[in-house]
Every structure is written in structure tokens, then in C-alpha cells.
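Each chain, written out:
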Amino acid sequence: MGDIKELEKRIAEVELISRQLEPEREERENVRAEVISYTENFLNHIYQKKAYEIEDTEADQILSSSFAETPTDINQLLKIVGEAVDKTGLNPASGGHLGYIPGGGIYYSALGDYLADITNRYAGVFFASPGAVRIENQLLRWMSEIVGYPKSSAGNLTSGGSIANLIAIAAARDAKKISSKNIPVSVIYLTEHAHHSVGKAIRISGLGECILRNIPMDKMFRMRTDLLRISINEDLNSGLNPFMVIAAAGTTDTGAIDPLDKIAAVAEENNLW
């Protein structure tokens with residue numbers, strides 16, 4: 001009985017501590033107002049900000065700002081964010097940033113993220129939040145129509161291209177029945193400008209021992225389909241197992257788009273994914 005009372009006492013103590021993470025209405029309004037003010041100032045001056053700022057000593061504030069057991073004033077935290085995070089390095093929100101394909105930075109999407117974070121609906125399974133799952137399915141259906149996929153198509157929204165590439169490569173592996181016994185003789189075709197996440201996905205999916213063929217590119221940094229066809233034929237004649245071509249619809253290095261239709265035709269001719 002004593003142990004139970006001690007446990008109840010401890011739970012009550014921890015509850016008081018955890019309630020610090022649940023601010024009352026007035027505090028929420030004050031903090032939110034400061035955050036909104038910061039973001040509005042950021043957007044109102046976006047055209048005066050550089051696409052890239054060389055890192056300076058102000059960024060060291062992050063390392064010198066230790067975690068504390070007591071709350072830190074929101075204005076002090078936003079000052080650190082403004083000077084040590086949003087001021088240095090790449091500014092993907094800038095129209096002058098062309099280094100890669102960042103998130104859209106769409107204001108209404110940000111508000112949607114805010115709603116999703118506050119309401120904290122779980123969209124991983126249908127029974128937990130039928131509405132949230134239906135939103136994802138509706139978006140997938142719309143995107144499928146845009147690219148010409150049939151109504152029977154299915155998919156999911158990932159956190160980014162790295163996970164998407166991993167899913168695609170794992171799907172290719174399973175569809176072409178690539179297993180431990182034929183991995184060393186199976187061939188993957190790509191170019192030197194394939195995204196770095198592709199190499200990681202190949203390793204994570206257990207295909208690290210596959211043969212990788214870097215197909216030469218033309219003067220516009222696009223995969224040469226004539227050399228792809230030759231490479232596939234040579235590998236077939238050597239008793240290897242060509243099974244996947246990885247093409248790019250806009251590389252991070254140059255923005256080049258491989259001739260996707262021609263590559264797809266070559267893959268179909270040779271029964272490659």
C-alpha cells in the first residue's frame with residue numbers, strides 16, 4: 001500500500017512538471033503573437049535577403065546556448081533563431097536559391113502544418129483518423145491523374161525524396177525478384193549525377209553488391225540512351241541480370257532531365273524496372 005501511495009505522489013509531482021508544456025490561453029496568445037511577428041518580418045523583407053550568407057560567429061550562439069531547467073523568454077529565442085539560423089547559410093525561401101528543390105515555402109501550406117501539429121491527428125492508419133487519411137488519398141488520386149496513372153494506382157506521401165527513392169528501389173527489387181543468390185550478378189544503370197540518396201537507398205535495401213553501371217551523358221548532362229542500350233546488351237551477353245534503370249527528372253547538380261520516354265522504352269524492351 002505504501003508503494004502505491006509513493007507512486008501516486010511521484011506521478012503528481014511529474015504531472016506538475018509536465019504541465020509546463022501546456023501553456024494557458026493568455027501565454028499561448030502572447031507567444032504566438034511574437035512568433036507571427038517574427039515570421040511576418042521575415043517574409044516582408046524576403047526580397048532584401050541574400051540567397052546565401054557566409055557563416056559568421058553569430059551562428060556560434062547555438063552551441064553557447066545551453067538547455068535550461070527554467071523557461072527562456074520567447075524574444076531571446078527568436079533573436080537566436082534570427083541571427084544564428086535564418087541569417088546564415090542557404091536561404092531556400094529566397095527566389096535566388098536554385099541549388100536544389102527545397103520545400104515550397106507556401107504560406108497556406110505552413111498554416112496547414114500548424115493546424116496538423118496543433119490538432120495532432122495521426123494519419124498513419126484509417127481507423128485513427130479517417131478524415132486525415134482521406135485527405136492523403138485524395139491528394140494521391142489527384143497527382144495520379146496529373147501524371148496519367150490509372151485510377152487503380154496507389155501510393156503514399158513521404159517525408160522527402162530520400163525515402164521515396166528507397167521505396168522505389170525496394171519495389172524494383174521485389175518486383176524483379178532480386179534475392180541474395182542473384183544480387184552479385186544483377187545490374188543497376190544510372191549516371192554520375194544520380195542523387196546521393198540513390199546510393200544510400202541501394203545499400204539500405206540490401207543491393208550494395210549489385211553491379212552499378214554509370215552510363216555516359218550527353219553535353220546537356222542527360223543519360224545517353226544509345227549507350228544504355230549497348231551496356232544492357234553487353235551485360236545480357238555476359239550472362240548478367242540487368243534489372244533496373246535509375247533516371248533523373250532534374251538532377252541536383254545541373255537540373256538536367258534525362259530522356260525519360262526513351263529510357264522507359266529501352267527498359268520495356270529489355271524487361272527492366
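In case you missed it, the structure is sitting above this.
Residues numbered from 1 in each chain as written. Predicted model: local features only at pLDDT ≥ 70, side-chain atom pairs only at ≥ 80, totals over all residues. Heavy atoms only, no water.

### What about the nonpolar core?
Judged by nonpolar contacts, the single largest core of 14 residues is most densely connected at Ile169, Ile188, Ile202, Leu207, Phe243, Met244 and Ile246. For this core, the elements supplying multiple residues, two or more each, are helix H7 (161-175), strand E3 (186-190), helix H8 (196-204) and strand E5 (241-245). Among the elements that make up this core, the one with the highest residue count is H8 (three residues). Grouped together as the second largest cluster of nonpolar side chains are 11 residues, Val187, Met223, Ile232 and Val266 included. (Core = buried A, V, L, I, M, F, W, Y, C linked by side-chain atoms within 4.5 Å. Buried < 20%, exposed > 50% of the residue type's maximum accessible area, 1.4 Å probe, protein only. Helix = DSSP H or I, 4+ residues; strand = E, 2+ residues; numbered from the N terminus.)

### Quick word on the pattern of salt bridges
Applying the stated criterion to the full structure yields nine salt bridges. With a closest N to O distance of 3.4 Å, Glu13 and Arg10 form a salt bridge. Of the two residues, Glu13 and Arg10 both sit in helix H1 (residues 2-18), three residues apart, roughly one turn of that helix. Glu13 sits in the partly exposed class, given a relative accessible area of 35%. Residue Arg10 is classed as partly exposed on the basis of its relative accessible area, which comes to 47%. Two residues, Arg173 and Asp174, come together in a salt bridge whose shortest N-O distance is 2.9 Å. Since its relative accessible area comes to 22%, Arg173 is described here as partly exposed. (Salt bridge = Lys/Arg side-chain N within 4 Å of Asp/Glu carboxyl O.)

### Things to note about the sheet that holds strand E4 (residues 211-214)
Backbone hydrogen bonds are what pair the strands of a sheet, in a parallel or an antiparallel way. Taken together, the three strands give an open sheet; going across it, the order is E4-E3-E5, and neighbouring strands pair in parallel fashion. Single-partner strands in this sheet number two, and they are E4 and E5. The sheet shows a mean angle of 30 degrees between the axes of neighbouring strands, taken without regard to direction. With four bridges joining them, E3 and E4 adopt parallel strand pairing. Looking at the pairing, Leu190 lines up with Asn214 of E4. Against the sheet, helix H9 (residues 225-237) contacts E3, E4 and E5, and its axis sits at roughly 170 degrees relative to E3. (Pairing = 2+ DSSP bridges. Axes fitted to C-alpha atoms, helices over the stretch in contact; angles between N-to-C directions. Contact = heavy atoms within 4.5 Å.)

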